[in-house]
Amino acid sequence: MICGFCHREIPEETPEKGCGRCGGGCRKVHCPYCGYENPLPSPLLERLLGRKEKKK
Amino acid sequence: MKCAVENPVQADQNLRRIFLVGNPNVGKSVLFNALTGAYTTVSNYPGTSVEVFRGTCEIHGVRYEVLDTPGMYSLLPITEEERVARDMLLNERPDVVLHVIDARNIERMLPMTLQLIEAGLPVILVVNILDEAERLGLRFDLHLLEEKLGIPVVGAAVRRRRGLKEIRAAIVGFDPSQKAVFGYAVDLERDISRVTSCLSGQYGLDARAMALLLMQRDESLTELVRSVEKDNFAVVEGAINEIAFDRRVDLHLRISLERKRVCKGVLEGVISEDGQRAIDWAGKLSELTMNPWTGVPLLLLVLYFGLYQFVGNFGAGTIVDFLEGGLFEKNLNPWFIDFCRTYLPWNWLFELLAGEYGIFTLGVRYAVAIVLPIVGTFFIAFSVIEDSGYFPRLAMLVDRVFKQIGLNGRAVIPIVLGFGCDTMATIVTRTLETRRERLIATLLLALAIPCSAQLGVILGLLSAVPGALVIWGGSMAGLFLFIGFLSARLMPGEKPMFYMEIPPMRLPQPRNVLVKTLTRMQWYFLEIFPLFILASVILWAGKMTGALQWLVEVMQPVMRLLGLPGQTAAAFIFGFFRRDFGAAGLYDLQTKGILSPAQLTVAAVTLTLFVPCVAQFLIMKKERGWKASLAIFAVVTLLAFSVGFGLNRLLLLTGVPG
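Quick caveat: nothing in here was measured; it's all calculated off a predicted structure.

Trainee: Sorry, what's going on with unusual backbone geometry here?
Mentor: Trans peptide bonds make up the majority, and among non-glycine residues the majority have a negative phi. Residues and elements named next belong to chain B. Located in the positive-phi region is His 60, a residue other than glycine, with phi close to 50°. Mapped onto the fold, His 60 is located in the loop between strand E3 (51–59) and strand E4 (62–68). Exposure remark for His 60: the relative accessible area of 65% places this residue in the exposed category. The phi angle at Lys 230 is positive, at roughly 50°, despite the residue not being glycine. Mapped onto the elements of the fold, Lys 230 is located in the loop between helix H9 (219–229) and helix H10 (233–247). Note on Lys 230: relative accessible area 60%, which makes it exposed.

Encoded structure:
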């Protein structure tokens, strides 16, 4: 994943980190270099857009 | 073959070892495959889940083990991958380190080459992707670069197998005794010597590199030095603390800037641009966005077309008119109210579902018909701007203003991020150096930076009254600068420094924009929908018990002072649940024709400045503690109502906006 702010590559293992206010997690990955929150597409959306199939 | 974490592949101690290092996506793996062929093993680095590729090759009769390390941006690690790559260099004693860089971004990547040379590692520089750089019109004098760096430099386009022979020859003929030393500024050199003279232990890196990394506050190296130096560590730590105190600047930043300066000198005469080179529009545009004379008008254009026209007129005008005015007000609400009136004999249940603050008539309507179309269009504009690479340039542009008001440039990042979500941006203030900076950035975020949802709704709200939008923007910017000016008085010191890498500008990909927008909308809808329902239930309970009326009455004198009708008090109460909920409340009042343009302006300014939402307040408490967050709350509330009061008087006097 490329950070939307600094365009550096975010390592795949970077955990989704939120402030803890949303029950289901905010599904955002914080860039370890600049702190920008990058949205992580939900599995449903990925399936709808056929990304998983492409990856496979 | 893939091994488990517990069973790492052990290195063959008899082979000479070649390490491939460099940023991600520079062609390390292609070079690895070209050198080793298909016979490679993958293992996890001991104790981690980071994969390391190992293979062997024979060059001119000498067998080598080749290791492809995870991508790293510098010797100072931030991520697990970078830490593993650095530890490998430190612990596994390579015979040759091939630093692979992208010729197109040589200036950005050369500082790491300097770090590797400083570390005393046997480096060969591979300037890769040379073919594409040449296609862009760049010409390199690699012999001069080799002379200046004092290490072998090979130009390559590994994907096209260009330069492979030269790389192999450089590996075989490598003389590790060659070593260049790069001079930094006199004060920095003094600091480096001071730290190196304190170090007594033996490490995998040169003392000079160790000193630089310690001054940059590398945590894992500090721990290593602590364990090696034992009693002497206090002397090392004392020296670093004294240097940091004396300099009163971020040493990490200072060293990085100094390294960049050295690199600039090294590259002088090395790169030239082809006269025939086609105009690089992205590069030109990039420069224009960061130059204040052209950057500010461009920013205004982005705001006008991206936000005012698209979000304000199209999102908040056309789409909301259709959904709110057409679908809900004309069709769904009357039908639902009639249905409930016919089939629900209990007034309390009718009120809960279809009353003034009903779940459907208020909660669902606000979330679906008002907020969602506005934030939807806002997210489209946001994703386009984000993907084009405009944000870092905006940060650079704003940084110039920040310097004028004495704020540290690093505060740009949380402030710019605040336009997305202030709660998250408050967390990001952790990256600021001092408590004072963190406090001021938190205050500014709570006061004058509207979050994306609130910004979207406010833009939609004020787009009908253009004069109001100008006054609102001016008030926010004015207050922001005023607080910045005060902070400059409170924070005397050296001129702040800020630098960040600027990625290339690119054309946003429609598919990427769509995915990001849908993701954000899905997350947003799932988050706000239950909250809007909960808020309408709380408001309903308040109405049924009379508590809401009481609270509204308590706020009446304040509303009167601001020149606002009594109903606006409810919007302010909504606002504390969520920033956009309050703005949506104002939107409702405006469509009912309750607010005059002047009242709308005062209400929008006061509501934007007014307390942050509950979530942001809780995070402020978590990050800054009760005392600071309550003080910020008090200051923000006082400032919001004072500005609202003053603005009302001013607008009454001038009669603007009419």
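Trainee: Teacher, can you tell me more about the UniProt feature "transmembrane region" (unreviewed entry) in chain B here?
Mentor: Residues and elements named next belong to chain B. Feature annotation in UniProt places "transmembrane region" (unreviewed entry) on residues 293–311, 366–385, 439–463, 469–490, 523–541, 561–577, 598–619 and 631–652, given in this structure's numbering. Within the segment residues 293–311, helix and strand shares are 100% and 0% respectively, and the terminal C-alpha atoms sit 26 Å apart. Measuring from the first to the last C-alpha atom of residues 631–652 gives 31 Å, for a span that is 100% helix and 0% strand.

Trainee: Which parts of the structure should I look at to understand the pattern of salt bridges?
Mentor: Pairs may arise between side chains of opposite charge once their charged atoms sit close together. Residues and elements named next belong to chain B. Going through the model one piece at a time under the given rule, you end up with 20 salt bridges over all chains. Between Arg 162 and Glu 134 there is a salt bridge whose closest N-O contact spans 3.2 Å. Residue Arg 162 is located in the loop between strand E8 (153–155) and helix H6 (164–172), and its partner Glu 134 is located in helix H4 (residues 130–135); the two are separated by 28 residues in the primary sequence. Of the charged contacts in the structure, one is a salt bridge between Glu 324 and Arg 365, with a shortest N-O distance of 2.4 Å. One end of the pair, Glu 324, is in helix H13 (residues 292–343); the other, Arg 365, is in helix H15 (residues 359–388), with 41 residues separating them in the sequence. On the basis of relative accessibility, which here comes to 6%, the residue Glu 324 falls in the buried class. The network of salt bridges with common partners includes Asp 102, Arg 104, Glu 132 and Arg 135.

Trainee: Quick question: what am I supposed to make of the packing of aromatic side chains here?
Mentor: Here a ring pair, both rings aromatic, is described through the centre-centre distance and the interplanar angle of the planes. Residue and element names in this part refer to chain B. Counting across every chain of the model gives 14 aromatic pairs over all chains. Among the aromatic residues, those joined into a cluster by ring pairs are Phe 328, Trp 335, Phe 336, Phe 339, Tyr 343 and Phe 360. One cation-aromatic arrangement involves Arg 208 over Tyr 184; the distance from NZ or CZ to the ring centre is 5.4 Å.

Trainee: Whenever I open this one, the packing of helix H8 (residues 207–215) of chain B against H9 of chain B confuses me. Can you help?
Mentor: The axes of two packed helices give the description: the angle between them and the distance between them. Residue and element names in this part refer to chain B. Relative to each other, H8 and H9 sit at 120°, their axes nearing to 8 Å. Taken together, H8 and H9 sit at an angle that is classed as oblique. Our pair here, H8 against H9, has a crossing hand that is left-handed. The residues of H9 that touch H8, namely those facing Met 210, Leu 213 and Leu 214, are Leu 221, Thr 222 and Val 225.

Trainee: Which parts of the structure should I look at to understand a nonpolar patch on the surface?
Mentor: On the surface, a cluster of nonpolar side chains totalling about 250 Å² of accessible area is made up of Val 296, Leu 300 and Leu 303 of chain B. Relative to the helices and strands, Leu 300 of chain B resides in helix H13.

Trainee: How should the side chain of Thr 606 of chain B be read in this particular structure?
Mentor: Residues and elements named next belong to chain B. Structurally, the position occupied by Thr 606 is in helix H26 (residues 597–609). By relative accessible area, Thr 606 is classed as buried at 0%. When near neighbours in sequence (up to four residues on either side) are disregarded, Thr 606 contacts Leu 562, Phe 572, Ala 640, Phe 641 and Gly 644.

Trainee: I'm lost on helix H14 (residues 347–354) of chain B in this one. Help?
Mentor: The α-helix advances 3.6 residues per turn, and as a result positions three or four apart in sequence lie on the same side. If you check which residues of H14 of chain B are buried, you get Leu 349, Phe 350, Glu 351, Leu 352 and Ala 354 of chain B. Buried residues along H14 of chain B sit in contact with H13, H15 and helix H22 (510–545) of chain B.

Trainee: Looking at this structure, I do not really get the environment of Val 635 of chain B. What am I missing?
Mentor: Residues and elements named next belong to chain B. Note on placement: Val 635 falls in helix H27 (residues 614–654). A relative accessible area of 36% places Val 635 in the partly exposed class. Here the alpha-carbon distance between Val 635 and Leu 443, two residues 192 residues apart in the chain, equals 8.7 Å.

Trainee: I'm lost on the side chain of Asp 68 of chain B in this one. Help?
Mentor: All names here are of chain B. Among the structural elements, Asp 68 can be located in strand E4. Within the buried set, Asp 68 has no salt-bridge partner at all; the shortest N-O distance to an opposite charge, 5.0 Å, is to Lys 28. Looking at Asp 68, its side chain comes within polar contact range of the side chain of Ser 29, at 3.0 Å. Setting aside residues no more than four positions away along its own chain, Asp 68 makes contact with Leu 20, Lys 28, Ser 29, Phe 32, Val 52 and Phe 53.

How each quantity is defined
- Residues numbered from 1 in each chain as written.
- Chains lettered and ligands numbered in written order.
- Predicted model: local features only at pLDDT ≥ 70, side-chain atom pairs only at ≥ 80, totals over all residues.
- Heavy atoms only, no water.
- Helix = DSSP H or I, 4+ residues; strand = E, 2+ residues; numbered from the N terminus.
- Buried < 20%, exposed > 50% of the residue type's maximum accessible area, 1.4 Å probe, protein only.
- UniProt positions renumbered as here; feature names shortened; annotations may be inferred.
- Salt bridge = Lys/Arg side-chain N within 4 Å of Asp/Glu carboxyl O.
- Phe/Tyr/Trp six-rings, centres within 6.5 Å; stacked < 30°, edge-to-face > 60°.
- Lys NZ or Arg CZ within 6 Å of the ring centre and 35° of its normal.
- Axes fitted to C-alpha atoms, helices over the stretch in contact; angles between N-to-C directions.
- Parallel < 35°, antiparallel > 145°, perpendicular 65-115°, else oblique.
- Left-handed = near helix turned anticlockwise from the far one by under 90°.
- Contact = heavy atoms within 4.5 Å.
- Patch = residues over 30% accessible without salt bridge, like charges linked within 9 Å, V, L, I, M, F, W, Y side chains within 5 Å.
- Areas by Shrake-Rupley, 256 points an atom, 1.4 Å probe, with all protein chains shown as cover.
- Lys, Arg positive; Asp, Glu negative; His and termini not counted.
- Polar contact = N/O pair within 3.5 Å; in protein donor to acceptor, adjacent residues only side chain to side chain.

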